[in-house]
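Descriptive structure summary
Below, each chain spelled out in residue letters.
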Amino acid sequence: MEKATVRSNRAGIAKNVVLAGVLCSAIAAWSFTSVNAYAAGSSTTSQSETEAPAPTVSGTDVVFSTDYPGVSVKPGDSTTFSLYLTNDGDKQDTVELSAADLPDGWTGSFKGSSSEVSMVHVAAAQTKEASPTLSYALSIPEDAKEGTYNLTLEAKGDSTDAKLPLTVKVDKNEKGVAAGEFTAEYPEQQGASSTNFSFSTTLKNNGSANATYALAADNVPDGWTVTFTPSGASAQSASVPVDAGSSSSITVAVTPSKDAKQGDYEIDCTATSGDETLKLPLIVTITGTYGMTLTTPTGNLSAKAYAGEGKKVTLEVQNTGNVALKNVQLTSQASTDWNVEFDNSTIDSIDPGASKEVTATITPAKDAVIGDYVTAITAKNDNASSEADLRVSVQNHTGWGVVAIVIIAALVVSLGAIIRKFGRR
């Protein structure tokens, strides 16, 4: 019985030991899994926190463009496309220029300013305004068939592959696209007939070859003059050379006749090279004709005066224009120590065709010798002026002249008496 009990107790103890072992193994496995999971989580979090963001890829974003990608021409004509290279990216590039799909017999070239180019530098963030001067000159052969032709201009660089499709329509009846431009900064101006008008113009050669343009003006009113002076030239010229793809600044001077009437006048300026004639209409608006004449009521410009004494002379200021003269000032220029005063040195206004009188008091110097002197009188405002030269004769008073004659006569009588007296001896 005791043995049975002992065996039973031993069996129970063994069973408990086995259960305890299983439990310990389970606890150990759970602990190992938790630790690994925690370690793995910690490792993931740390890597996520320290990992740097992906870098932004910078580069070029070049756009190849033109204002007029489609044109119409005649066989044998040439045309020029103004080109622009813009860059929206932050990386510069140097691109090589080429043309693809050019029809047989057609020729073209890229031009920068007046030189032929094959490569262009494109700056970072380059705008259209900052785009280098660039054009593509295209020549169409005489035997080109009518139809629509497509070609492509390309700009390729390390980070650039920009394309520009162009369309050229060949039509025998097409009037053609002018290879040049003749423009003015301010083609309309106005002023009085005494104004010398000056127009700043630009003549541009968009053709593929250098050209010399003959300059002329049509529809010029009688008595008017029109002249052309190229930039940098010291004299007027009737022609100006302009390289292909370049331009020339020209000053057009228009001088109206003095009697030009109020109104609008259109002057047609032309620049001709070969079969091409560029026209530039200029508008001149005459606001009025200003004219002034300074004289005397009788037209007599001479006077007599005595030394040291004032002489009054009546002057007449005439408005010979068709616009009122405002704020007319009178001034004088006379000999040393002479004095000239006006009863009214400023005339507020003189209507067209009217006149105003002014009295000038001219006082010769006290020691002025007998003789003729010139006193210049000027009437002037902002639009017109006139000058009159008065001849002033300085004389002695008549009384002194009689005294002098008496003295001279007395001397003559005395001299005669002396001669008679001593002549008898």
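Just above, that's the structure.
Here we summarise the structure given alongside this text.

1. With respect to the nonpolar core
- Of all hydrophobic cores here, the largest spans 28 residues; its most connected members are Leu315, Val317, Val328, Leu330, Trp338, Phe342 and Ile377.
- The biggest single contributor to this core is strand S28 (residues 385-395), with 4 residues.
- Excluding residues within four positions of it along the chain, Trp338 makes contact with Ile362, Thr363, Pro364, Ala365, Ala368, Tyr373, Thr375, Val392 and Val394.
- If you look at the next biggest cluster of nonpolar residues, it comprises 26 residues, including Val122, Leu153, Leu164 and Leu166.

2. Quick word on the environment of Ala388
- Relative to the helices and strands, Ala388 is located in strand S28.
- According to the relative accessible area criterion, Ala388 is buried, its value standing at 2%.
- Sequence separation of Ala388 and Ile377 is 11 residues, and the distance between their C-alpha atoms is 5.3 Å.
- Sequence-distant contacts of Ala388, defined by excluding residues within four places in its chain, comprise Leu294, Leu301, Thr375, Ala376 and Ile377.

3. Some thoughts on the sheet that holds strand S4 (residues 93-100)
- Strand order across the open sheet formed by 5 strands is S2-S10-S9-S4-S7, with mixed pairing between neighbours. The outermost strands of the open sheet, each flanked by one partner alone, are strand S2 (70-73) and strand S7 (119-122). For this sheet the average axis-to-axis angle between neighbouring strands, irrespective of direction, equals 30 degrees.
- Judged from the 5 bridges that link them, S4 and strand S9 (residues 147-156) form a sheet pairing that is antiparallel. In the sheet register, Ser98 faces S9, and the bridge partner there is Glu154.

4. Let's talk about the pairing of strand S8 (residues 134-139)
- Most of S8 sits out of view: 5 of its 6 residues are buried.
- Where strand S3 (residues 78-87) and S8 come together, 6 bridges link them in antiparallel fashion. Within S8, the residue paired with Phe81 across the bridge is Tyr136.

5. With respect to the pattern of salt bridges
- As enumerated under the stated definition, the model contains 5 salt bridges in all.
- Where Lys128 meets Asp67, a salt bridge forms, and the shortest distance between an N and an O atom there is 2.9 Å. Separated by 61 residues along the polypeptide, Lys128 in the loop between S7 and S8 and Asp67 in the loop between strand S1 (62-66) and S2 bring together distant segments of the chain.
- Lys163 is the partner of Glu154 in a salt bridge, and the nearest nitrogen-oxygen pair spans 3.1 Å.
- Take Glu154: its relative accessible area is 13%, and that puts it in the buried class.
- Given the relative accessible area of 44%, Lys163 is considered partly exposed.
- The network of salt bridges with common partners includes Glu154, Lys156, Asp161 and Lys163.

6. Here we look at the packing of aromatic side chains
- Counted according to the given criterion, the structure contains 4 aromatic pairs.
- When the centroid spacing of 4.8 Å and the interplanar angle of 50 degrees are considered together, the rings of Trp106 and Tyr149 count as tilted. Placement of the pair is Trp106 in the loop between S4 and strand S5 (107-112) and Tyr149 in strand S9, with a sequence separation of 43 residues.
- Residue classification places Trp106 among the buried positions, given a relative accessible area of 6%.
- Judged by centre distance (4.9 Å) and plane angle (45 degrees), the rings of Trp338 and Tyr373 are tilted. Here the residue Trp338 occupies a position in the loop between strand S23 (325-333) and strand S24 (339-342), and Tyr373 occupies one in strand S27 (residues 371-380), the gap between them amounting to 35 residues.
- Looking at Trp338, the relative accessible area reads 11%, which means it is buried.

7. Focus on the sheet that holds strand S15 (residues 225-230)
- Taking strand neighbours across the sheet as the criterion, the 4 strands line up as S11-S13-S17-S15 in an open arrangement whose pairing is antiparallel. The outermost strands of the open sheet, each flanked by one partner alone, are strand S11 (180-184) and S15. Going from strand to strand, the sheet's axes swing by 25 degrees on average, the running direction of each strand aside.
- For S11 and strand S13 (residues 197-205), the ladder comprises 5 bridges, and the chain directions are antiparallel. In the strand pairing of S13, Phe182 is matched with Leu203.

Calculation criteria
- Residues numbered from 1 in each chain as written.
- Predicted model: local features only at pLDDT ≥ 70, side-chain atom pairs only at ≥ 80, totals over all residues.
- Heavy atoms only, no water.
- Core = buried A, V, L, I, M, F, W, Y, C linked by side-chain atoms within 4.5 Å.
- Buried < 20%, exposed > 50% of the residue type's maximum accessible area, 1.4 Å probe, protein only.
- Helix = DSSP H or I, 4+ residues; strand = E, 2+ residues; numbered from the N terminus.
- Contact = heavy atoms within 4.5 Å.
- Pairing = 2+ DSSP bridges.
- Axes fitted to C-alpha atoms, helices over the stretch in contact; angles between N-to-C directions.
- Salt bridge = Lys/Arg side-chain N within 4 Å of Asp/Glu carboxyl O.
- Phe/Tyr/Trp six-rings, centres within 6.5 Å; stacked < 30°, edge-to-face > 60°.

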